[in-house]
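Topology and contacts: notes
Spelled out, the chains give:
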Amino acid sequence: AAMADDATPDEATVQVLRDVANRLRIHSIRATCASGSGHPTSCCSAAEIMSVLFFHTMRYKQTDPEHPDNDRFVLSKGRAAPVLYAAWAEAGTIRESDLLSLRKIDCDLEGHPTPRLSFVDVATGSLGHGLGAACGMAYTGKYLDKASYRVFCLVGDGESSEGSVWEALSFASHYNLDNLVAIFDVNRSGQSGVTPPENCTDVHEKRCEAFGWNTYLADGHDVEALCQAFWQAAQVKNKPTAIIAKTFKGQGLPDVENAENWHGRPVPKDRADEIIKLSESQMQTDRSLLPKSLVEESPQISIMRIKMTSPPAYGVGNKIATQKAFGLALAKLGRANGRVIVLDGDTKNSTFYELLKKEHPERFIECFIAEQNMVSVALGCAARGRTVAFVNTFAAFLTRAFDQIRMGAISQTNINLAGSHCGVSTGEDGPSQMALEDLAMFRSVPSCTIFYPSDAVSTEHAVCLAANTKGMCYIRTSQPETAVIYAPQENFEIGQAKVVRHSDNDKVTVIGAGVTLHEALAAADVLSEEGISIRIIDPFTVKPLDAATVISNAKATGNQVLTVEDHYREGGLGEAACAAVSGEPGILVHQLAVAGVPGSGKPRELLDMFGISAKHIVAAVKHMLMN
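The structure displayed is predicted, hence computed values, not measured ones. Residue positions within a chain follow its written sequence, with the count starting from 1. Only residues with pLDDT of at least 70 are given local features in this predicted model, and only at 80 or more are side-chain atom pairs given and counted; all residues enter the totals for whole chains, interfaces and linings. To get the side-chain values, take all heavy atoms of the structure and skip hydrogens and water.

Let us now look at the overall build of the protein. A run of H or I in DSSP counts as a helix once it spans at least four residues, and a run of E counts as a strand once it spans at least two, with each numbered from the N terminus. Across its full length, the protein carries 23 helices and 19 strands. Once the C-alpha set of the protein is aligned to its principal axes, its extents read approximately 95 × 50 × 40 Å. Buried residues are those whose accessible area, probed at 1.4 Å on protein chains only, stays under 20% of the maximum for their type, while exposed residues exceed 50% and partly exposed ones sit between those limits. Counting over 627 residues, the protein shows a buried share of 60%. Put simply, of all contacts in the protein between residues at least 6 apart along the chain, 79% involve residues at least 24 apart. Residue contacts are counted whenever heavy atoms from the two residues lie within 4.5 Å of one another.

Attention now moves to the nonpolar core. Here, the term nonpolar core denotes a set of buried Ala, Val, Leu, Ile, Met, Phe, Trp, Tyr and Cys residues that are joined through side-chain atoms within 4.5 Å. Counting 77 residues, the largest nonpolar core has Phe-184, Leu-343 and Leu-417 as its most contacted members. With eight residues, the single largest contributor to this core is helix α6 (residues 130-144). Leaving out residues up to four positions away in the same chain, Phe-184 has contacts with Val-155, Ser-160, Val-165, Leu-169, Cys-208, Ala-242, Ile-243, Ile-244 and Ala-245. The next biggest cluster of nonpolar side chains, apart from the first, holds 52 residues, and it includes Val-20, Trp-88, Leu-102 and Ala-229.

Relative to the helices and strands, Ala-89 resides in helix α5 (residues 81-90). Note on Ala-89: relative accessible area 13%, which makes it buried. Each C-alpha atom, one on Ala-89 and one on Ala-234, is 26 Å from the other, the two residues being 145 residues apart in sequence. Apart from residues no more than four positions distant in its own chain, Ala-89 is found in contact with Ile-94 and Leu-99.

Our focus in this paragraph is the environment of Phe-364. As for its position among the elements, Phe-364 is in strand β8 (residues 364-366). Overall, Phe-364 belongs to the buried group, its relative accessible area being 4%. Residues Phe-364 and Leu-343 lie 21 residues apart in sequence; the distance between their C-alpha atoms is 6.1 Å.

All right, on to the pattern of salt bridges then. We count a salt bridge whenever a side-chain nitrogen from Lys or Arg sits within 4 Å of a carboxyl oxygen from Asp or Glu. By the definition in use, this model includes 29 salt bridges. Here Arg-18 and Glu-11 are joined by a salt bridge, their closest N and O atoms 3.7 Å apart. Of the charged contacts, one joins Asp-438 and Arg-476 as a salt bridge, the two residues approaching to 2.7 Å between their closest N and O atoms. Of the two residues, Asp-438 is situated in helix α17 (residues 438-443) and Arg-476 in strand β12 (residues 472-476); the sequence distance between them amounts to 38 residues.

One open sheet accounts for five strands, arranged β14-β16-β15-β18-β19; its pairing is mixed. The open sheet terminates on both sides in strands that have one partner only, identified here as β14 (498-501) and β19 (588-594). Recorded for the sheet is a direction-independent mean angle of 25° between the axes of neighbouring strands. We call two strands paired when DSSP finds no fewer than two bridges between them. Judged from the four bridges that link them, strand β15 (residues 508-512) and strand β18 (residues 560-568) form a sheet pairing that is parallel. When the sheet's bridge partners are listed, Ile-511 is paired in β18 with Thr-563. Packing against the sheet, helix α19 (residues 515-529) makes contact with β14, β15, β16 (534-538) and β18, and its axis sits at approximately 170° to β16. Whenever a helix is involved, its axis is fitted only over the stretch in contact; in every case the axis is a line through C-alpha atoms, and angles between N-to-C directions fall within 0 to 180 degrees.

Bear in mind that shape data such as this cannot, by itself, settle questions of function.
Next up, the structure:
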């Protein structure tokens, strides 16, 4: 009987759902009036959808919004935040009076949702991100938690122009995410004009079907039709479901409904009172409904303090590329903890992930060549602490997902990104494959830790530290084989540099990382034959950079520092070192970095041509000592 009730609720339930939708409208109008800003019309088109989802379809604990077995809800059209806050006020999690502090500096109810709120898993508002994150949550539920919680994502028709939405549609159908429901709120109107297919719901329907989704058209203001559509979605196996809801922006607001130029504008106070009275006159109950109870079946997991089962198995002097060592370290970490997952952008054969894929196929998520969606999926997988996610591709292609990375920081996520093939040492493939901007990008991301290991041992330590570090981490790895310089039992910590070569009469401190650290060591050998000794520092983390070690060694070497990096000058290692010593008078920092767009060639030739090889380090040191 319960199943039939879900599909066709009785008249009393239908009336309560209609009344709740009206209350959600009233809350949204009051909150945006009080703040003098916001998007009440975007809220009103979704009022019935939210009422049915939160008080008929979804299973969750109101008292515990982060419970692992709750159904997930992602508001991809983040500007409709007030209607989300209103739903949680109706559920009793937010005080109704707090809605009136919307967008105020001392209130967590921000203009767009962020995880400062317990019931928000990922920040939204930069459009086109929510469905990818919902895919990550659904993948985790189906393949890793093997639990029955479902994921619902409300997508605006305006944001459906974003390519990342299409990437997510493709991903969900490839992985048969039958626990995922996307609701397209087709209200015809964007920020400044009409959205491309207008109210042509059949265009949205055909697109979703072409991507392999099970699709229903529904009147988004008819609570019975919505109940039916959500019930049907739950019966379908092996396909995600899209509900194309035809709605009107500002539904229920006389003269505003479906009218132009109301986007992002609160209703004037006198009009608001009128509209609220009108809405109240249509309401027949003041009952609210309790959400359905959930099934507790997600496994208990621990992702704290993950340790490798053995020390790194490399001997000093072995030659191995850091990007290969990274793949090996990840497979090893995957054996140490069953929640370590890897997301890859079709680069597994050149980044050594087959190892993990062979051992744990469900923990290797092939995202294909869709880097924006790959980062969003990782955010979803890592939400509520369900996985330790590593995202991997060529470092150059992570720049494509910078918006998703930026929103990840706002989401307070713990995902780890790894970029291989960095700098001109990538060689013959040419400049499109060489990451020369990635340090600048990740240094600008708040609370992001940047690891730049220089050998296989430090790479393995970086992987383990990243897995245990709060906030976003980035690991930069290189293609050329380089010698192992650290013993397996060496201890590594975030923000702790290593002085890898020093004597009492060093004249200059040289800071290198990755391939340039090895160039610096080669330069030191050449210089010592001429009676000049230099000190060499491996920063290990570029952010936070170990300023104390840089400063104390600079002072011990005549206040002379030389940085050398396989990256553009702007925003890289050199500028990080300059920032670190900026409070110390008299320290001079000379920088060697890649200038201009490189071409193809052998790595060795390119390091020479772009002035960051051993011979250029030798010349720079002599020049500094002459002056």
